[in-house]
Structures are given as structure tokens and as C-alpha cells.
Amino acid sequence: MFKNIVYSKWFGFVAGILIVLIILPLFVPRFFVYIFALIYVTSLLAMSLNMVVGYGGMFQFHHAVFYGVGAYTVALMLTKSSMPTWIGFIAGPIVAAFTGLIIGWFCVRLTRLYFGMLQISLGSLIWAIVFRWYGFTGGDDGIHGVPMPSIISSLNGSYYFILIIFLICLVVMYMVIKSPFGSTLQAIRDNSQRCEAVGINVRRYQLLGIVIATFFAGVAGVLFVALERSVFAEMLFWVLSLEIFIMCLLGGWFTFAGPILGAAITVALRTFVGRYTEYWTLILGVMLILVIFFLPEGVMGFFQGLFKPGIKEATERGKR
Amino acid sequence: MLQVEALHKSFEDFMAVNGANLTVGKGEIVAVIGPNGAGKTTLFNLITGALKRDKGKIIFKSEDISELPPYEICMKGISRSYQIVNIFPRLTVFENAQVAVLSHQRRSSNLFRPAKTIAVKETRNILESMGLLEKEKSIAGSLSHGDQKILEIAVALGNEPELLILDEPTAGMSPEETQATMDLVRRLARMRGLTILFCEHDMDIVFSIAQSIMVMRHGQTIIQGTPEEVRGNKEVQEAYLGGE
């Protein structure tokens, strides 16, 4: 009974937010529309990372690569060929997922930190190729002026396009997390040894998790191109990977919506504090330290802990 | 049902298992006893594939399983619980058992149906038979040690094993909990027609419920026989029972 009320409250809350997001472009300045669209893109990227890190327990340190691969795929296809736009939009995530499959295939053979180190190295390899291959990728100049169909070439058009795709991705990701596969992935995070003992081929599930997550990172890359119409080599640089990792930590990496909050905080800080000082990361750093000390489950995790007793205790026991 | 022959396993220079032999017949309750460090847990790790044996044979239902990875051995019908609690601490009690049930039903890779609508009956059945149903929504990591040990067994049952291996199921439990757990194990074995292989330090328990007892020392099998035979064996008395 109590639970039903909580759920119905949530429903009202979500519906309210949705309406605000839909009518937002009608009454805020263009700049804020752009910032919100950027937050959706970044949130999707952070959530895709959270799927492997928070739910899968894998140290995917260099996740931005798949974001970049998705973005570059669509940018290259639309500038170097005359293929229809939608093919590029579909190809982006698929190529990203395929890259995830190849890198992941090697990484799942290792565990924990070794997984992370190999992942960084292989990811940096792709960054180096993109960064150096001037003739094809434009090197550190990136690619600019990617043509977009007229319907999403205006800012409001791209805002709605990004919002719709973002919401669809949220629903699909939520379904995946709540599916048997999602439970199994979380079980692997909690205890991979026990998972093997109950008949789960751990590596195969980890790899599938990586492929799904990198697919969504690719979607985020495509959405970025839809918003900015350009790509840069920085999109595949490890600094961005670190940034999205921080977003997950900040928002709460065991929660579904946490990374959205983390992404919103980071984008807002970069935009509004970054305007006054290039040391905006200092504030981010201080916030992160405070979160780690006082809200080890992240901001969202803290609030979730209020509703779900036991989680905190379980984490603390896990640390021992 | 399970036949272990001349099994060897060494870690660097240390022979953890050095010629273990074990026979487990269908429907039997078999205990492995021996002093600390005798190689009981290593033996179980070898049977379930968590470790690779150096030499010897492990035959389950007339098939050699000694080269198989753990998840395949589990699919063949061997499930185990651990001496040190080994559950999924951040998942709920229900989800803990469900992970195993889903795996057994080969539905773990289902991506788009909500997990809470799948295999609910089977999972609840197991929790009910273990007396954990009231706590199904609790986070496993927050349970008491005794409950976690019971959940351990519940997870192992999720795979509907034919052979259930219990590594010190009552380690760290109070005498009352121990008694209740062993009653539970006995009842389960009868109800589900399980074959049980377990190890345990409490000799009263071992001699009261095991139909066959295997004694290990320095990684070696001294004897396997009925409780009477084991009790009467001179070597065992010297090596183990007399020492206490």
C-alpha cells in the first residue's frame, strides 16, 4: 500500500518534469535550450558508463572512446559520403558497440584494475589513431559543419530530437537494468565467483553488458553531432572519460538516475563557473571530495538510502 | 553419482590435496571431515571447478568433469554453498535466489522482460522452504550472519542441483542455529531427493546425519565408510578423533 503511493508520487513527479522539459524551449533563452540538450547528451553518456561501472562492476576507465567513435562514425559518413542521414545515425551506435565488443573481448579476460588498465590502453590507441590521422579524421581540427536534415538543423528541432531519443534510451536502459540480464549483471558485480558457481558464464555476460553500454555511448555521440554538428578528438580523450566517471560517482553509481544528476551538475559548473574561471574543475574536485566523505553512495544514492534501508549497511559490510 | 579418484592439487610447494578418493552415491548424505588444513575446502573447489586439479579424476554421472569451467559443472547439476558467506550483498534476498533460478532456467540473458515477473514462484518456493520468505525484500548484506548462511544454501538450491555441496554450512552459528540448520538440510535432502556432500567441524552433527564419512588428513583420504567403521578405525582415532 505504502509502496503504491510512493510509485504514484513518482509518476506525478516524472510527468511534471516531462511537461517542463517539453515546453522549456518556449520560454527560456536559446542558450539554456542548448545547455539542456547538452545535459541530455552528457547524461546518456554517463548513464551508459554507469551500466558497466555501477551495475556491472567493471572498471571501464576509458568509456568516452565509444562516444567519440559513435560521433565520428556519423560525422564521417555524412561528410564523406552522400548516404541518407538516418543510416549514419544508426551506424554510429552500431560501430561504437562493435568497437566495444572488440575492446571488451580482451578486457573481460582480466579483472578489476587490470581490466581498467587494458581498457585505457586500447581506448587511447583509438584516440591516437583519430588524433593523428589528419587525412581522414581531421586530426585535432576535428570535423565541422556536418550536414543535418532541416527538421533538426534548428536549435529547437535538435532539442526535441535529442530529448525524444534520450527518453527512449532511458526507457530501454531501465528495462535492461530491471531484466534478468540486469539482475545477473548486478550479481556479477557483487560476486563474480559465486555467479560462476550458479552456472553463469561471467565473461560472456560482462561482454554483453559492455556491448549494450557502448551502444548507448554511441547514441550519445550521435546526439552530440546532432546538437553541435561537429566532432573533436577531445571526445575520445581520457580526460572526458574521467569526467563522466566523476559524474557517476557524484550522482550515485548504484542508482539509475544518479548519473543524470552528476552530468547536470558537471555541465552546469563548466558552463556557469567556467565562464568566470578556467579552474572550475577545482570546485568540482572539492564537491567530489565532500561527496566521497559524506555521501559515499552519491547524491542520488543518499536519497535512495532514505527509502531503502539496508543498502548502506550492506555497502559498509562489503568494505570490510 | 560422484566419484573422485586419486585427486592431487598443489599450491607452489604445498600439497593441498594429495590423493583424495571419494564416492558419493545417489541420495546419500556424505560428510568429509578432517583437521583444519586437511584440504576439505580445496577438494570442494576442485569438484566444482573453482580450481583446476593437477592429477586425478572427477566423475559425475559417469562423465569426467575435471576439465570443465565452474558454470558448466553447475549446469550439470552440482551446486555448492561456501564456508565464508558468499552471496550478492547489494541485492535483495529474493534477487539473490532468483539469480540462480534464472541461470538454471537459462533465462539470464532475457533483456526486456522485468525480472520481477520471471521465475517468481520457483524463487519464493525456495525461500519458503528455507524460512526466508518474510525477509525476501531485505538487502542480503544487512542480514544476520546466520540468515546469510541460510541464504547461501538457498542460492545453491536455485540451480535445482542433484548434488548439493555444503562447505561448513553452520560455521559461525550458535548451537541452536546449528541444530536448526542441520534439521533443515536433512529435511531438504528428503523433500527434494538431494544428494548432499558436506564438511563440518561438529562431530556430533556429522555422526548423527551422515550415512558415509570420508576422513582427510594432509590432503589425503584415510578412509571412507559408515560412521561405525570410521569410529572404529584406529588410524582415524589417532589422527583425529583421539586428538580432541
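What counts, and where the lines are drawn
- Residues numbered from 1 in each chain as written.
- Chains lettered and ligands numbered in written order.
- Predicted model: local features only at pLDDT ≥ 70, side-chain atom pairs only at ≥ 80, totals over all residues.
- Helix = DSSP H or I, 4+ residues; strand = E, 2+ residues; numbered from the N terminus.
- Rg over C-alpha atoms; globule rule 2.2 N^0.38 Å.
- Buried ≥ 20, exposed ≤ 12 C-beta atoms within 10 Å, placed from the backbone.
- Contact = placed C-beta atoms within 7 Å.
- Expected span 1.5 Å × (residues − 1).
- Arc of directions from axis to C-beta.
- Domains from an automatic or database assignment.
- Pairing = 2+ DSSP bridges.
- Axes fitted to C-alpha atoms, helices over the stretch in contact; angles between N-to-C directions.
- Left-handed = near helix turned anticlockwise from the far one by under 90°.
- Nonpolar A, V, L, I, M, F, W, Y, C, P; charged D, E, K, R; others polar.

(A) Spatial organisation of the overall build of chain B. Per the secondary structure count, chain B includes nine helices and 10 strands. The C-alpha atoms of chain B give 18 Å as radius of gyration, which agrees with the globular expectation for 244 residues (18 Å, within 12%). Taking the principal axes of its C-alpha atoms as reference, chain B extends roughly 60 × 40 × 35 Å. Looking at chain B residue by residue over its 244 residues, the buried ones come to 48%. A sequence separation of at least 24 residues applies to 65% of the contacts in chain B between residues at least 6 apart.

(B) Region of interest: helix α5 (residues 112-132) of chain A. Residues and elements named next belong to chain A. In this model α5 runs 30 Å from its N-terminal to its C-terminal C-alpha over 21 residues, within 8% of the 30 Å that 1.5 Å per residue would give. Considered for burial, the residues of α5 that qualify are Phe115, Gln119, Gly123, Trp127 and Val130. Down the axis of α5, the sector holding all buried residues measures 95°, keeping them to one side. Among the exposed residues of α5, those oriented more than 90 degrees off its buried face are Leu113, Tyr114 and Ala128. The inward-facing, buried residues of α5 abut α3 (64-80), α4 (85-107) and α6 (134-137).

(C) Representation of the domain arrangement of chain B in the model. Residue and element names in this part refer to chain B. Segmenting chain B into domains produces domain 1 (1-77 + 161-244) and domain 2 (86-159). Measuring from the centre of the C-alpha atoms in domain 1 to the corresponding centre in domain 2 gives 25 Å. On the domain 2 side, the residues contacting the 11 residues of domain 1 number nine residues. Sorting the residues of the side of domain 1 that touches domain 2 by element identifies β7 (163-167) and α6 (175-192) as the ones contributing at least two each.

(D) Here's a closer look at the interface of chain A and chain B. Contacts between the two partners involve 29 residues from chain A and, on the opposite side, 37 residues from chain B. Residue assignment for the side of chain A that touches chain B shows that the elements contributing at least two residues are α7 (155-178), α8 (180-190), α9 (192-197) and α15 (311-319) of chain A. A per-element tally of the side of chain A that touches chain B places α8(A) first, with eight residues.

(E) Region of the structure containing the environment of Met58(A). All names here are of chain A. Looking at the element boundaries, Met58 is found in the loop between α2 (30-55) and α3. Since 27 C-beta atoms lie within 10 Å of it, Met58 is described here as buried. Separated by 40 residues in sequence, Met58 and Phe98 place their C-alpha atoms 18 Å apart.

(F) Quick peek at the environment of Lys26(B). When you line up the elements, Lys26(B) lands in the loop between β2 (14-24) and β3 (29-33). With residues up to four places along the chain from it excluded, the contact list for Lys26(B) reads Met1(B) and Thr195(B).

(G) Examining the sheet that holds β3(B) more closely. All names here are of chain B. Within the open sheet, the six strands sit side by side as β6-β7-β8-β3-β9-β10. Their pairing is mixed. Every other strand in the sheet has two partners, leaving β6 (78-81) and β10 (220-225) as the edge strands with one partner each. Within the sheet, the average angular offset between the axes of one strand and its neighbour, ignoring direction, is 15°. Here β7 runs beside strand β8 (residues 195-199); their pairing, made up of five bridges, is parallel. Residue Leu166 lies in a different strand from β8, and its bridge partner there is Phe198. Packed on one face of the sheet, helix α1 (residues 40-47) meets β3, β6, β7, β8 and β9 (212-217) and runs near 150° to β7.

(H) Local environment of the packing of α4(A) against α5(A). All names here are of chain A. Direction vectors running N to C along α4 and α5 enclose 145°, while the axes themselves pass 9 Å from each other. Helix-helix and strand crossings are classified by hand; for α4 and α5 the assignment is right-handed. Of the residues in α5, those in contact with Thr99, Ile103, Phe106 and Cys107 of α4 are Phe115, Leu118, Gln119, Leu122, Gly123 and Ile126. Here the residues of the contact of α4 with α5 are counted per class, giving seven nonpolar, three polar and no charged.

(I) Expanded view of unusual backbone geometry. The backbone of Arg112(A) shows a phi angle near 45°, a positive value even though the residue is not glycine. Turning to its location among the elements, Arg112(A) is positioned in helix α5. Of note, Arg106(B) is a non-glycine position whose phi angle comes to about 55°, a positive value. Mapping Arg106(B) onto the fold places it in the loop between α3 (93-104) and α4 (120-129). Note on Arg106(B): 10 C-beta atoms within 10 Å, which makes it exposed.

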